[in-house]
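Chain by chain, the residues:
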Amino acid sequence: MSSIPDPSPPPNASSVFQTGTFPPVTPRSVTRDLIAGLVVFLVALPLCLGIALASGAPLFSGLISGIVGGIVIGSLSGSHTSVSGPAAGLAAVVLAQIATLGSFEAFLLAVAIAGLMQIGLGLARAGALSAFVPTNVIKGLLAAIGVILILKQIPHVFGHDTDPEGEMSFSQPDHENTFSELLALLGDLHMGAAVIGLLSLALLVLWSRVGPLKRSGIPAPLAVVGLGLGLGAAFDGLGAPWAIEASHLVQVPVAASLTEFLSFVRFPDWSQWSNPQVYTAAVTIAIVASLETLLNLEAVDKLDPEQRSSPPNRELLAQGVGNFVAGLIGGMPVTSVIIRGSVNVHAGAKTKISAVFHGVLLLLMVALLPTFLNRIPLSCLAAILLVTGFRLASPTLIRKMYRAGREQFIPFSATVLAIVFTDLLIGLGIGMAVALGFILRRQGRRPLRRISEKHLGGEILHIELPDQVSFLNQSALDRVLEKIPRGSHVLIDAGHTEYIDPDVLELLQDYRDERAPARHVKVSMVGFQGDYDIQDEVQFVDYSTRELQEQVTPAQVVEILRKGNERFAAGQQLNRDLARQVNVNIESQYPLAAVLSCIDSRTPAELLFDMGVGDIFSVRVAGNVLSPGALGSLEYGCAIAGSRLIVVLGHTRCGAVMSALERAVAPSTELERSCAHLDAILDELARSADADALRGFAGLPRERKAALVRETSRRNVLSVVDRLLASSAALKRLVDEGRIGIVGVLYDVEHRTMEFMIDDAVGLTPPPGMAL
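Residues numbered from 1 in each chain as written. Predicted model: local features only at pLDDT ≥ 70, side-chain atom pairs only at ≥ 80, totals over all residues. Heavy atoms only, no water.

Of regular secondary structure, the protein chain possesses 32 helices and 13 strands. The proportion of buried residues among the 772 residues of the protein chain is 52%. (Helix = DSSP H or I, 4+ residues; strand = E, 2+ residues; numbered from the N terminus. Buried < 20%, exposed > 50% of the residue type's maximum accessible area, 1.4 Å probe, protein only.)

As structure tokens, this is what we get:
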């Protein structure tokens, strides 16, 4: 689904018209836009006429809508690729409303009023509704338009033109349907039109595959129209059955004079302003046209190779102005149209200049050269649309949706089938309903993350709520709460939750106040926002305390650290209230362990062991070598602060160890020689190396060097463990008394796991009479 936009400030005209940065206009981009506009013009011309015919409106009204969609809406729109005009999806609405209102002039008044309503919707920022349409439905819309284009254009390619060009519904005005029309084609094949249509298809395919033709700069549709005009003229001289009759050609109304041309323009019947049915029709047109525009705009944006986003609120404003103007001068309702937009994209349009230019061409050619336009065979234009259909309903898109899984493929397929077998609006409604069913099903079955966490204060069942908790989650949450064992401790975490349904809040309050106390279950709750009638409350200890420090044994601390690293390696760290831990440790601290580790940025001990603030002392020095300062720090941490365990933590791929090994077999670098205090560290690390293994170290493969670094780091850890007792009488006394233990650990930076060297540990077996 598309991302939901952030809440916006109160709308005003200037903010609604903000669109971001437009691409720079260059001579090359203008050339591409003009070529694309010409191609769109060739496709739009028969569509404008055919949709007007299918809608029961005057043919010239369809042309007016195409001109307004190109010039007016194209100029005001913030879209780079969308092209507007009369839409097949509105044909049924237009036909019904003209019949209801009794005249086309009354209908024009409704169109103008609908335009004003769309302007209001744009100012109210209603364009945000497009963000709620699932992507699989949008892609289903694109594929369905492609399938319909293929099925509808096949008859036109062969000269069977009983169904108006551009009519997209399953049930057709000629009393056939999409599939029966294909059968009717067998008895109404026009030889001349079919030859032109098939040769046009062949030329389009050839143009896309032959290098010199692709690089010629001549758009393939223009070549197809030229072929159609040439063959049409040639066939006229052959007579029947080759000659192309008028019913198989474009049929632009032709005026003998300017006065007659202007007579084609119809105006609204202002006397109907008080007719309630006019306003009912206006509301219907405004809603349907706005929805179709928003969906088509989103769909065309997905076809854009540059993946630019069109501002939906500005588009509603532009569409509103366009429909207002169309209503005033005799045009049909206008929307953004996928067919025109997809042709525009595939023709290489870069900016909205192409949309405006297509409108200018419509105006000039219809006004000045209608007789020339009426020589263009419909079959060659149908071939262009047929190829467009294959691009929209490509096998690649279908395979991609299938591989995305059933939750994506089924709504996609339902949208395609529903649109093909009904019409655009009904099909979209069905597709949205199927997609919504999957969303509700997924929401209802959305798993609650349950983690058994071993905090320092005991074991906690951590229930993490999802980001949206609706009534659909209530049953699943209730089942989880029912299964909590008696006498246990549960943490209900809403830290990542944005919304909780009031019924779910009531369930949680009832469990906390009634059911949990009756079952001796302790309930902690965190992350609940201020507008919920639930206060955060933590009833367990997630930090080290004096009591825990005094009671725990060194072996138990080892197990705590081991479990912590397992959580870290699995990405399942405990959820801690760090602010709370900081506050309780302000006056005093009771760490469980003192860790001597390397200064390497990849080895922060608190994170590697998944410990909190105040739980461990951290002593860091390059190569985790033993020095007077490090030894004194460990003595303080154990003898004074009460830590129960010393951890000597080395790690793989240690830079300090690598430097020590390289220095042992080769002269020091100038930079190393300038570091006066580095020698002591590198010399100590070098003593842990296997001298025999260092032969030829410089020429060893990278992985072999890494293995030697690992082994040397391990030897260094064990060496430090042995020397701790020899170097500190205080630490030896604490070990002898069973108060501390010492263990070496090697951390694997690649796999995030640790090797605890228990066999070489000191003080993990308590003296006689002391239990672990």
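Additional details are given in the paragraphs that follow.
Right, let's get into unusual backbone geometry. Between Ala240 and Pro241 the backbone carries a cis peptide bond, its omega angle lying at 0 degrees. Mapping Pro241 onto the fold places it in the loop between α10 (220-236) and α11 (258-263). The backbone phi angle of Arg125 is positive, close to 60 degrees, even though this residue is not glycine. Examined against the element boundaries, Arg125 turns out to sit in the loop between α5 (104-123) and α6 (135-157). Its relative accessible area of 23% is what places Arg125 among the partly exposed residues. Residues other than glycine seldom take positive phi values, yet Arg752 does so here, at roughly 65 degrees. Mapped onto the secondary structure, Arg752 falls in the loop between β12 (741-747) and β13 (754-756).

With that out of the way, let us pick up empty space enclosed by the protein. Evaluated as defined, the whole model comprises five cavities of 30 Å³ or more. Volume-wise, the largest cavity comes out at about 200 Å³. Ranked by the residues each element gives to the lining of the largest cavity, the list is headed by helix α14 (residues 338-346), at three residues. Of the residues in the lining of the largest cavity, the class split is 14 nonpolar, four polar and three charged. (1 Å grid on protein atoms, 1.4 Å probe; cavity = no way out; pocket = protein on both sides within 12 Å on 5 of 7 lines; lining within 4 Å. Points joined across faces, edges and corners; volume = space filled by probe spheres on them. Nonpolar A, V, L, I, M, F, W, Y, C, P; charged D, E, K, R; others polar.)

Here we come to the confidence of the model for the protein chain. Confidence along the protein chain averages 85 in pLDDT terms, with 89% of residues attaining 70 or more. When pLDDT is averaged over each element of the protein chain, β12 comes out on top at 96 and helix α1 (residues 13-16) at the bottom at 46. pLDDT under 50 marks residues 767-772. Its contacts with residues more than four places away, or in other chains, come to twelve contacts. (pLDDT = per-residue confidence, 0-100. Contact = heavy atoms within 4.5 Å.)

Enumeration over the complete set of coordinates arrives at eleven aromatic pairs. When the centroid spacing of 6.1 Å and the interplanar angle of 70 degrees are considered together, the rings of Phe617 and Tyr636 count as edge-to-face. Within this pair, whereas Phe617 is found in strand β10 (residues 616-620), its partner Tyr636 is found in helix α27 (residues 628-640), the two being separated by 19 residues in sequence. What makes Phe617 buried here is its relative accessible area of 18%. Here the aromatic cluster, defined as three or more aromatic residues joined through ring pairs, consists of Phe60, Phe261 and Phe264. (Phe/Tyr/Trp six-rings, centres within 6.5 Å; stacked < 30°, edge-to-face > 60°.)

Let's shift gears to the environment of Glu165. Tracing the chain through its elements places Glu165 in the loop between α6 and α7 (178-185). Take Glu165: its relative accessible area is 5%, and that puts it in the buried class. Each C-alpha atom, one on Glu165 and one on Leu53, is 8.7 Å from the other, the two residues being 112 residues apart in sequence. Leave out the neighbours within four places in its chain, and Glu165 touches Pro46, Leu47, Gly50, Ile51, Gln153, His156, Ala382 and Leu385.

Glancing now at the sheet that holds β12. Pairing in this open sheet of five strands is mixed, and the strands run β10-β9-β11-β12-β13 from one edge to the other. With partners counted over all chains shown, the strands left at the sheet margins are β10 and β13, one partner each. For this sheet, the mean angle separating the axes of adjacent strands, direction not counted, is 25 degrees. As defined by bridge partners, strand β11 (residues 645-651) adjoins β12 across seven bridges and the pair is classed as parallel. Looking at the pairing, Leu649 lines up with Val745 of β12. Across the sheet, α27 is in contact with β9 (593-597), β10 and β11; its angle to β10 comes to roughly 175 degrees. (Pairing = 2+ DSSP bridges. Axes fitted to C-alpha atoms, helices over the stretch in contact; angles between N-to-C directions.)

In this structure, Asp493 sits in strand β6 (residues 489-493). At 3.1 Å, the side chain of Asp493 forms a polar contact with the side chain of His462. (Polar contact = N/O pair within 3.5 Å; in protein donor to acceptor, adjacent residues only side chain to side chain.)

What follows is about the nonpolar core. Core analysis: the biggest nonpolar cluster contains 110 residues, and Leu141, Ile145 and Ile339 have the highest contact counts within it. Top contributing element to this core by residue count: α6, with twelve residues. Setting aside residues no more than four positions away along its own chain, Ile339 makes contact with Val43, Leu47, Ile145, Leu149, Met168 and Leu385. Core analysis: the next-biggest nonpolar cluster, separate from the first, contains 43 residues, Val619, Val648, Leu661 and Val735 among them. (Core = buried A, V, L, I, M, F, W, Y, C linked by side-chain atoms within 4.5 Å.)

By the definition in use, this model includes 23 salt bridges. We note a salt bridge from Glu482 to Arg519, for which the minimum N-O separation is 3.2 Å. Separated by 37 residues along the polypeptide, Glu482 in helix α21 (residues 474-482) and Arg519 in the loop between α22 (502-518) and β8 (522-526) bring together distant segments of the chain. For Glu482, a relative accessible area of 37% corresponds to the partly exposed category. (Salt bridge = Lys/Arg side-chain N within 4 Å of Asp/Glu carboxyl O.)

We now examine the side chain of Ser342. Within the secondary structure, Ser342 is located in helix α14. Beyond its immediate sequence surroundings of up to four residues, Ser342 is in contact with Leu303, Thr388 and Leu392.

Time to look at the layout of surface pockets. In this structure, the largest pocket encloses a volume near 780 Å³. Trp207, Pro219, Ala220, His346 and Ala347 are the residues nearest the centre of the largest pocket, which is lined by 24 residues in total. Listing elements by their share of the lining of the largest pocket, those giving two or more residues are α2 (27-54), α8 (191-209), α10, α14 and α17 (378-392). Looking at the lining of the largest pocket residue by residue, the classes come out as 13 nonpolar, six polar and five charged.

On the surface, Leu364, Leu368, Leu369 and Phe372 cluster together to form a nonpolar patch covering roughly 390 Å² of accessible area. If you trace the backbone, Phe372 turns up in helix α16 (residues 370-373). A relative accessible area of 40% means that Phe372 is categorised as partly exposed. (Patch = residues over 30% accessible without salt bridge, like charges linked within 9 Å, V, L, I, M, F, W, Y side chains within 5 Å. Areas by Shrake-Rupley, 256 points an atom, 1.4 Å probe, with all protein chains shown as cover.)

Moving on, we come to the environment of His190. Mapping His190 onto the fold places it in the loop between α7 and α8. Judged by its relative accessible area of 11%, His190 falls in the buried class. A sequence separation of 31 residues divides His190 from Gly159, and the C-alpha atoms of the two residues are 5.0 Å apart. Excluding residues within four positions of it along the chain, His190 makes contact with Phe158, Gly159, Pro241, Trp242, Ala243, Ile244, Glu245 and His248. At 3.4 Å, the side chain of His190 and the backbone nitrogen of Gly192 are in polar contact.

An ideal rise of 1.5 Å per residue puts 28 Å on 20 residues; α5 measures up with 29 Å between its terminal C-alpha atoms. Phi turns positive, to about 60 degrees, at Arg125, one or two residues after α5. (Expected span 1.5 Å × (residues − 1).)

With that settled, the discussion passes to the packing of α2 against α17. Contact pair α2 / α17: the axes reach a minimum separation of 10 Å and the direction vectors enclose 115 degrees. With respect to α17, the element α2 is oriented roughly perpendicular. Remark: the crossing between α2 and α17 carries left-handed chirality. In this structure, α2 uses Leu42, Val43, Pro46 and Leu47 to contact α17, whose residues at the interface are Leu378, Leu381, Ile384 and Leu385. Counted by class, the contact of α2 with α17 contains eight nonpolar, no polar and no charged residues. (Parallel < 35°, antiparallel > 145°, perpendicular 65-115°, else oblique. Left-handed = near helix turned anticlockwise from the far one by under 90°.)

A separate point is the packing of α6 against helix α12 (residues 276-303). With their axes 9 Å apart at the nearest point, α6 and α12 run at an angle of 85 degrees to one another. Classified by the angle between their axes, α6 and α12 sit roughly perpendicular to one another. Here Thr135, Ile138, Leu141 and Leu142 of α6 come into contact with α12, specifically with Leu295, Asn296, Glu298, Ala299, Lys302 and Leu303. Class assignment of the residues belonging to the contact of α6 with α12 gives a composition of six nonpolar, two polar and two charged.

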